Amino acid sequence: MAKSTFLSSSIARKVAMALSGLFLITFLALHFFINLTSVFSEEVFNACSQFMGYNPLIQYVMQPILVAGVVFHFVMGMVLEVKNNKARPVSYAKYNGAANASWASRNMIVSGLVVLAFLGLHMYDFWFQEIMYKYVDANFVNPTRYYGEMVEKFHNPIRTGLYCVSFLLLSLHLWHGFSSAFQSVGFNNKFSKGVQKLGYAFAIIIPFGFIFIALFHHFFNN
């Protein structure tokens, strides 16, 4: 009998996918609460951004892990989709997907790819700019620059609109993905319904919170 290898089984792949997703959810929540401070206090937002931008643990340990987690999560999602399609022995003449599963669960790849494209733009706008500022242009540290840089990104109505649409799709992605991740790691007990409700709340509050922040700066700081 051939020895099983890492991520060779369907269960192992789903667990790995779930764990990477839960890690990214944690980052997303942290990112949201930091951005939310920009609505209430420019000084607090600048201080938080300065800490995140120059703390060695975050920059040289957590940031590479985050990038690896994003890549792994979406690559594993594609692998699972391909494996699932190959595992279906019969192509049904008629299939009413809406009667068996939600739109979010049937289109995780679609929403995931759109979110991935948005993350690429987001990295270009903020991470690449940060690298250029600190290491290429070698500018002096300016702890008050973050607020102005973020607000500037939301001046353009087209960019702001795309930002909002991306988070709408992220909401749909999380609607199915949050509770599914817990089920994949074996969390299936009397608390499962509570976790599912928590997942639905997270899928609404966090993405729509990001949308609120973007619209706030677009209309009130333009």
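Definitions and cut-offs
- Residues numbered from 1 in each chain as written.
- Predicted model: local features only at pLDDT ≥ 70, side-chain atom pairs only at ≥ 80, totals over all residues.
- Heavy atoms only, no water.
- Core = buried A, V, L, I, M, F, W, Y, C linked by side-chain atoms within 4.5 Å.
- Buried < 20%, exposed > 50% of the residue type's maximum accessible area, 1.4 Å probe, protein only.
- Helix = DSSP H or I, 4+ residues; strand = E, 2+ residues; numbered from the N terminus.
- Contact = heavy atoms within 4.5 Å.
- pLDDT = per-residue confidence, 0-100.
- Phe/Tyr/Trp six-rings, centres within 6.5 Å; stacked < 30°, edge-to-face > 60°.
- Salt bridge = Lys/Arg side-chain N within 4 Å of Asp/Glu carboxyl O.
- Polar contact = N/O pair within 3.5 Å; in protein donor to acceptor, adjacent residues only side chain to side chain.

Some thoughts on the nonpolar core
Link 1 in the chain: Counting residues in each nonpolar core, the largest one holds 25 residues, and the members touching the most others are Leu28, Leu174, Phe202 and Phe210.
Link 2 in the chain: Of all the secondary-structure elements, those providing two or more residues to this core are helix H1 (10–40), helix H7 (145–153), helix H8 (157–184) and helix H9 (192–220).
Link 3 in the chain: Ignoring anything within four residues of it in the chain, the contact list for Leu174 reads Ile25, Leu28, Phe202, Ala203 and Pro207.

Considering the confidence of the model for the protein chain
Caution is warranted with low-pLDDT regions, since their predicted coordinates should not be read in detail.
Link 1 in the chain: Counting all residues, the mean pLDDT for the protein chain is 76, and 67% of those residues have values of 70 or more.
Link 2 in the chain: Ranking the helices and strands of the protein chain by mean pLDDT puts helix H2 (residues 42–54) first, with 91, and helix H4 (residues 97–100) last, with 50.
Link 3 in the chain: Every residue in residues 91–95 is under pLDDT 50, and counting partners more than four places away or in other chains gives one contact.

Looking at the packing of aromatic side chains
Link 1 in the chain: This structure, assessed with the given rule, holds nine aromatic pairs.
Link 2 in the chain: Seen in terms of ring centroids, Phe216 and Phe220 are 5.2 Å apart; in terms of plane orientation they differ by 35°. Their pairing is tilted. On the criterion of helical spacing, the pair formed by Phe216 and Phe220 is a turn pair, its members being four residues apart in helix H9.

Quick look at the environment of Phe216
Link 1 in the chain: In the structure, Phe216 is positioned 178 residues away from Ser38 in sequence and 9.9 Å away in space, judged by C-alpha atoms.
Link 2 in the chain: The contact partners of Phe216, leaving out residues within four places of it in the chain, are Val39 and Asn221.

A look at the pattern of salt bridges
Link 1 in the chain: Going through the model one piece at a time under the given rule, you end up with one salt bridge.
Link 2 in the chain: Linking Arg145 and Glu149 is a salt bridge whose minimum nitrogen-to-oxygen distance equals 3.1 Å. Residue Arg145 and its partner Glu149 are both found in helix H7; the two are separated by four residues, about one turn of the helix.
Link 3 in the chain: Judged by relative accessible area, Arg145 falls into the buried class, the value being 8%.

Some thoughts on the side chain of Thr37
Link 1 in the chain: As for its position among the elements, Thr37 is in helix H1.
Link 2 in the chain: Residue classification places Thr37 among the buried residues on the basis of a relative accessible area of 18%.
Link 3 in the chain: Within the structure, the side chain of Thr37 is placed 2.5 Å from the backbone oxygen of Ile34, a separation counted as a polar contact.
Link 4 in the chain: Not counting residues within four places of it along the chain, the set of residues in contact with Thr37 comprises Val44 and Phe45.

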